Each structure stands twice: as C-alpha cells, then as structure tokens.
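# Structure at a glance
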Amino acid sequence: MFSWLGTDDRRKKDPEVFQTVSEGLKKLYKAKLLPLEEGYKFHEFHSPALEDADFDNKPMVLLVGQYSTGKTSFIRYLLEQDFPGMRIGPEPTTDSFIAVMHGDTEGVIPGNALVVDPKKPFRKLNAFGNAFLNRFVCAQLPNPVLESISVIDTPGILSGEKQRISRGYDFAAVLEWFAERVDRIILLFDAHKLDISDEFSEVIKALKNHEDKIRVVLNKADQIETQQLMRVYGALMWSLGKIVNTPEVIRVYIGSFWSHPLLIPDNRKLFEAEEQDLFKDIQSLPRNAALRKLNDLIKRARLAKVHAYIISSLKKEMPSVFGKENKKKELIGSLGEIYKRIEREHQISPGDFPNLKKMQDQLQAQDLNKFQPLKPKLLEAVDDMLANDIAGLMVLVRQEETQRPNPVVKGGAFDGTVDGPFGHGYGEGAGEGIDEVEWVVARDKPAYDEIFYTLSPVNGKVTGANAKKEMVKSKLPNTVLGKIWKLADIDKDGMLDDEEFALANHLIKVKLEGHELPSELPAHLVPPSKRKLPE
C-alpha cells in the first residue's frame, strides 16, 4: 500500500490516505476543484465535470486527419486484425467516431448506449446531442494491444462550408473534448495531399493547449521518390508552423503504416527507424498515464482559477438595478482589459487565460447578474491542492512506477520486430556479422595490421598514446573515442594488441557510418583469441 499524509491542521485532524494516484486524483478533484468549477459555471464555458472513469480509464490515442490519410489502416496495422465497424477506402469511408477498446467478445456498442455506461469515460459526450451520438460507436474486441491502450478513430476531415454544416454537431468541439482526455493525439497527413483545409486548420487550433500530446505522421511516404519526399516534408513543416503556435519544432514521423509492400523501397531504413521511434512513444503511454492525468488536472485547475477571477470580476462590475444590458455589452467589449487587470492583480501568466473571442461569444448568452462574487475559500482550496497535495501525489507517482513492472504496450505490430533478424538494426552497424562463424573484423584486419605495425608496437602491443595518434584521425570527439577505447581494450591493460586495434578501427567505422555504439561489446565482436572456451 502507498500512502501519504498532509501536514496542515485540517489533515492532522482527519488525515487522508491515498492508495493509488488514481484514487488520490478523484478525491482531490471532488473535494477541492469541483466546488470551484460548479460555483463559477466552469462546465458551461469550458469542459464538463470529470467522472471516476476519466481517472480510471486506460491511456487513449486519438487519430485525426483528412479523409484517406490512412487513419483506419493505421489502427489495423497496430492491431494486426480487423475491428468491428472498420471500413477502408480512398473515399471518405469512416463517417463516425469509433472508440476501439478491449472486450472479451467482438461487438459494437452504439453511442446512446455508450454514454450511459459509468465504466466508460464517455458519459459527458451526451451534451453533443443525437446528431453526434448517432455517429459514435465503440468497437470492442479481444486484442493484446487494447489491453494497454484504447484508440479513437475519427471521421475524415473535409474541406468546404457545406460539409462542416452537414455534420449536425460541432466537430471541433468534440475533438477538443477528446483532446483534454486522451494521452496522445496523432495527426496523420498523406504525402500526396498536404493541403490543410479550413476545417482541419480549425481542428488543429481547437487542440491548442494540448501541443505536448500531439505527434504528426507523414503517411504513405513510400509512394514518392526521395527528392520529392524532402520537399513534401519541408512543405508540411512550413504549413504546421503557421497553425501550431509553439516555439519548438513539432515531431513528424515519416513512414508507410500499413502491411502492404513498399512501392518505392529506397527509404526503407528511414521508415523502419521512424516506425520504431513512434512505437516507443506509444508504448510509453501506460507508464506515463498517471503523470499525464496529474498534469491535465493541474492545467484544468489553473484554467478554473482564472475563470473564477473573470466571472467574479464581471459580477462585481454589474449594476444591481438599472442599465444591466448596456453594462453587459460594455463589459464584454472590454473583456481584454479585464484580462490584463486580472493578470496584473493576481500575477497570472497570459497563457492561462481562455480564448478572448470565444469567451466573449459565450458571455452573450449569460445573465451576468447571476454570477457569483469571489469566494476566497474556494480558491484557497485549489491553491492548497496545487501547492501541497499535488506534490504528495508526485511522490506517489514515482513510487508506483518503481513498484510496478515496466508496463508497455504489447501485441500486434509492437511484437513484429522485437526479436529475430527483422528487429530494427539487426545485422547492421555493431550488429554486422552477428550470425557469421568468422569474426567480422577479420575482413579488414590486414589493412588495420599495416597501420598497427607503423605505430611501434612493443611485445605485440601499442601504447595508448601511439594508438590515440591514429584514432584521432577519424575526427570523432574524444568522448566517442574514449568509449571505443573501453570497448576495444578487452583485457583492460591500457594497451591494444593487433586484434584489439583492429576492433577499435572497426568500431570507428561503425560510428562513422552513422550507427550507434553498443553499451557493451557484443559477443560476436570479441576477438577469437579473447573468447572464453566452453567448459
């Protein structure tokens, strides 16, 4: 059992014991943050109240992209099996939000039934109405990948005003709802059509404040030549830079995420490396899930505090009897000035404030006289949560990580290249010659021997100083050469014999070809004379 106790007077009288991070988050939210949200109508302006399922559910991955970018095929590739309700085609085939989740039997749960299930984290989606719920289903199936994560497939994003209106629900608002609750958002682009439509641009802007969750996949990259791929990649980065307002360059993974043969295999190694990086990122989600939920709760608390200041400021300015409508228009028009005043008075970062235009639109339909004045106790509870309780939960997160076995996503495509000759980098770089009987370094040893004997060996060995003169000609940094020396000096005598010198040169070659050095010398690279004889 994990536990942590508070230190203030109230907790001394009634100490709280949290066995898990999830339990702690639920209790803190209900006891400290929810009263503030309810007091200032946070749920009407920003986000519905959180429920237990939001804290208990598995990590979720949200796939977003224009039609025919390969979102459904991407899920099929990860799972290595079809899922109920799956449709794939070049035209806009997926017209629904599909939550692909683990279940003992295959089946589809329609949206209206899904939002009344307390065990699923979707109950608050009923606010988007029947037009949305008729386009929302849960596909359940027994699959090892889904034991660790759930995946949300979304309708293909179209261009043009007509398509957006014909959806019958606020598509960007639904995606924003999911963005708050998922662990990873993957934006998929087709290498053949990089145009970012108006709706897609609107969607990406709706994901603001969740940039840390976003990853970009340039899919179907095997269908264009290397030179074109470079241009497409550059064009994509330029387009994203105009929409995603972050100082950091967003991470883009390049590849072909389906099980068909590569059309142009020239960049096969690049695609393999990119796929491994993306898989590692997805596999880390279960391990970081508790930290993500903690981080999202902190973001929500900061927004709720700012919202409370805004609402109470508007209430304070409203007259009690005459001129209410005129004053309301004046306050909404000068909301930007109110933001700046609150920012100065309470030392709040400008990035914590909600979107000005959106807030002004929402205030039009509100009766400002019914807003609550500032209640310091509600804000003090949230401040206490952020200052004390969250610190305790951070300790608990680390404890859970150390006590729990390393949880990673397994099964499906994640197991496809773990072991065997098709593992990433197998037989390349330091792995070259792994399956060969002969020592792989022996191929180039005659050339290395010629250099060796020019370095004045004594008793068949060259000193470190003499070896250094030759090794620095590679122009590799001293830190890298130092690591190569440690790997090559097998008997640790501070000198190199002809085999060790040849090995050092082989490792230099491996590094110069762009491969990573191993942390320990693989068995197949140990010189034959240094190998232990079987007992």
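Residues numbered from 1 in each chain as written. Predicted model: local features only at pLDDT ≥ 70, side-chain atom pairs only at ≥ 80, totals over all residues. Heavy atoms only, no water.

In the nomenclature of an unreviewed UniProt entry, the chain is known as EH domain-containing protein 3 of Channa argus.

Moving on to the side chain of Asp 384. By secondary structure assignment, the location of Asp 384 is in helix α17 (residues 376-403). Within the local environment of Asp 384, its side chain forms a polar contact with the side chain of Asn 388, the two groups lying 2.5 Å apart. (Helix = DSSP H or I, 4+ residues; strand = E, 2+ residues; numbered from the N terminus. Polar contact = N/O pair within 3.5 Å; in protein donor to acceptor, adjacent residues only side chain to side chain.)

Residues annotated in UniProt with the feature "domain: EF-hand" (unreviewed entry) correspond here to residues 476-511. Segment residues 476-511 splits into 69% helix and 8% strand. End C-alpha atoms: 9 Å apart. (UniProt positions renumbered as here; feature names shortened; annotations may be inferred.)

Ranked by size, the top nonpolar core spans 49 residues in total, and within it Phe 97, Phe 122, Phe 178, Leu 187 and Leu 218 carry the most contacts. When residues no more than four places from it in sequence are discounted, the contact partners of Leu 187 are Val 64, Phe 200, Ile 204, Leu 207, Ile 214, Arg 215, Val 216 and Val 217. Of all hydrophobic cores here, the second largest spans 43 residues; its members include Phe 45, Leu 294, Ile 348 and Val 382. (Core = buried A, V, L, I, M, F, W, Y, C linked by side-chain atoms within 4.5 Å. Buried < 20%, exposed > 50% of the residue type's maximum accessible area, 1.4 Å probe, protein only. Contact = heavy atoms within 4.5 Å.)

Close contact between helix α14 (residues 324-333) and helix α16 (residues 356-364) brings their axes to 10 Å; oriented N to C, the two are set at 165 degrees. The angle between the axes of α14 and α16 places the two elements in the roughly antiparallel class. Note on packing geometry: the crossing formed by α14 with α16 is right-handed. For the pair formed by α14 and α16, the contact residues are Lys 328, Ile 332 and Gly 333 on the first element and Gln 360, Leu 363 and Gln 364 on the second. (Axes fitted to C-alpha atoms, helices over the stretch in contact; angles between N-to-C directions. Parallel < 35°, antiparallel > 145°, perpendicular 65-115°, else oblique. Left-handed = near helix turned anticlockwise from the far one by under 90°.)

Moving on, we come to the packing of aromatic side chains. Here the structure, examined in full by the defined rule, presents 19 aromatic pairs. Note on Phe 128 and Phe 132: the rings are 5.9 Å apart at their centroids and 65 degrees apart in plane angle, and the pair reads as edge-to-face. Residue Phe 128 is classed as partly exposed on the basis of its relative accessible area, which comes to 22%. Here the aromatic cluster, defined as three or more aromatic residues joined through ring pairs, consists of Phe 97, Phe 122, Phe 128, Phe 132, Phe 136, Tyr 169, Phe 171, Trp 177 and Phe 178. Against the face of Tyr 253 rests Arg 251, its NZ or CZ located 4.1 Å from the ring centre. (Phe/Tyr/Trp six-rings, centres within 6.5 Å; stacked < 30°, edge-to-face > 60°. Lys NZ or Arg CZ within 6 Å of the ring centre and 35° of its normal.)

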